[in-house]
Amino acid sequence: SSATATTRRGASSNYPGRRTGTNNRVHTPVEGSIRPPSSSDDGISRAQHLQSYLEDSTLQRSTRRVSSDDTTYDTVFQTTNGDTLILRVNVPLSSSFAAFCPAMTLAGVRVRHPWVDSSNRMRIIGYDPIQSEKNWKESGILLGDAVHAVVKHL
């Protein structure tokens with residue numbers, strides 16, 4: 001059987017969103033954009049940050065993308081004590097409303113360390129460049145160098 005659609009007579013004239021009269025113009029677009037620029041103020045694009053991370057000669061062998069949307073990566077490393085840890089790096093998409101400042105956490109462990117906020121999902125808070133968007137932009141550091149510094153410190 002085939003489906004048929006029926007409408008009540010006059011229903012379209014009572015529709016609250018119906019355009020009436022001769023004022024059927026499209027609104028003038030708002031100038032500017034609510035999206036952040038595709039690169040940070042220091043001129044380093046998201047792609048350049050990711051490239052510096054994923055192609056770092058030390059980190060490359062132990063780094064894997066863990067999200068389907070290209071925002072989250074895990075880097076496995078070993079501490080000087082011989083413990084194996086996973087540093088999870090979240091890099092917001094350039095079209096995101098979130099500021100472009102990477103967030104780093106330790107995945108799958110509970111640790112005590114001055115650089116780690118154990119009350120906030122093991123978030124790395126002690127590395128100054130990633131403490132705020134302002135610090136990140138002012139540092140001018142590439143993501144690969146930032147991850148490398150955190151891994152080396154831990």
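**Brief notes about the pattern of salt bridges**
Scanning the entire structure with this criterion turns up 4 salt bridges. In this structure, E133 and K137 form a salt bridge, with 3.4 Å as the shortest nitrogen-oxygen distance. On the criterion of helical spacing, the pair formed by E133 and K137 is a turn pair, its members being 4 residues apart in helix α3 (residues 133-139). Owing to a relative accessible area of 28%, K137 belongs among the partly exposed residues under this scheme.

**A few points about the packing of aromatic side chains**
Aromatic ring pairs are defined here through the distance separating the ring centres and the angle between the ring planes. Under the defined criterion, the tally for this structure stands at 2 aromatic pairs. An angle of 75° between the planes, with centres 5.9 Å apart, marks the rings of Y53 and Y73 as edge-to-face. Residue Y53 is located in helix α2 (residues 46-54), and its partner Y73 is located in strand β2 (residues 72-78); the two are separated by 20 residues in the primary sequence. Take Y53 and Y73: they sit in the same class, and that class is buried. Residues W115 and Y127 carry aromatic rings whose centres are separated by 5.7 Å and whose planes lie at 40° to one another, so their mutual orientation is tilted. Taken together, the residues span a long stretch of sequence, with W115 in the loop between β4 (103-107) and β5 (116-117) and Y127 in the loop between β6 (123-124) and α3 at a distance of 12 residues.

**Quick look at α2**
Those residues of α2 not exposed but buried are R46, H49, L50, S52 and Y53. Buried residues in α2, looked at end-on, bunch into an arc of 160°, giving them a common side. Where α2 is buried, its residues contact β1 (63-65), β2, β3 (84-90), α3 and α4 (143-153).

**Some words on unusual backbone geometry**
The phi dihedral of D70 is positive, around 65°, even though this residue is not glycine. Positionally, D70 belongs in the loop between β1 and β2.

**Describing the side chain of S67**
With respect to the helices, strands and loops of the structure, S67 is situated in the loop between β1 and β2. In this structure the side chain of S67 is engaged in a polar contact, spanning 3.0 Å, whose partner is the side chain of D69. Within the local environment of S67, its side chain forms a polar contact with the backbone nitrogen of T72, the two atoms lying 2.9 Å apart.

**Points about the nonpolar core**
For soluble globular proteins, the rule of thumb is that nonpolar side chains tend to be buried together. Membership of the largest hydrophobic core comes to 27 residues, with the highest contact counts inside it found for L87, M104, L106, I124, L143 and V147. The set of elements that each furnish at least two residues to this core consists of α2, β2, β3, β4 and α4. Counting residues per element, this core draws most heavily on α4, at 5 residues. Aside from chain neighbours lying at most four places away, what touches L143 is H49, L50, S52, Y53, V89, V91, P102, M104 and W136.

**A word on the pairing of β4**
Taken across its 5 residues, β4 has 4 buried, putting it largely inside the fold. Sheet topology note: the β3/β4 ladder contains 5 bridges and is antiparallel. Counted as the bridge partner of V89 is M104 from β4.

About the criteria used
- Residues numbered from 1 in each chain as written.
- Predicted model: local features only at pLDDT ≥ 70, side-chain atom pairs only at ≥ 80, totals over all residues.
- Heavy atoms only, no water.
- Salt bridge = Lys/Arg side-chain N within 4 Å of Asp/Glu carboxyl O.
- Helix = DSSP H or I, 4+ residues; strand = E, 2+ residues; numbered from the N terminus.
- Buried < 20%, exposed > 50% of the residue type's maximum accessible area, 1.4 Å probe, protein only.
- Phe/Tyr/Trp six-rings, centres within 6.5 Å; stacked < 30°, edge-to-face > 60°.
- Arc of directions from axis to C-beta.
- Contact = heavy atoms within 4.5 Å.
- Polar contact = N/O pair within 3.5 Å; in protein donor to acceptor, adjacent residues only side chain to side chain.
- Core = buried A, V, L, I, M, F, W, Y, C linked by side-chain atoms within 4.5 Å.
- Pairing = 2+ DSSP bridges.

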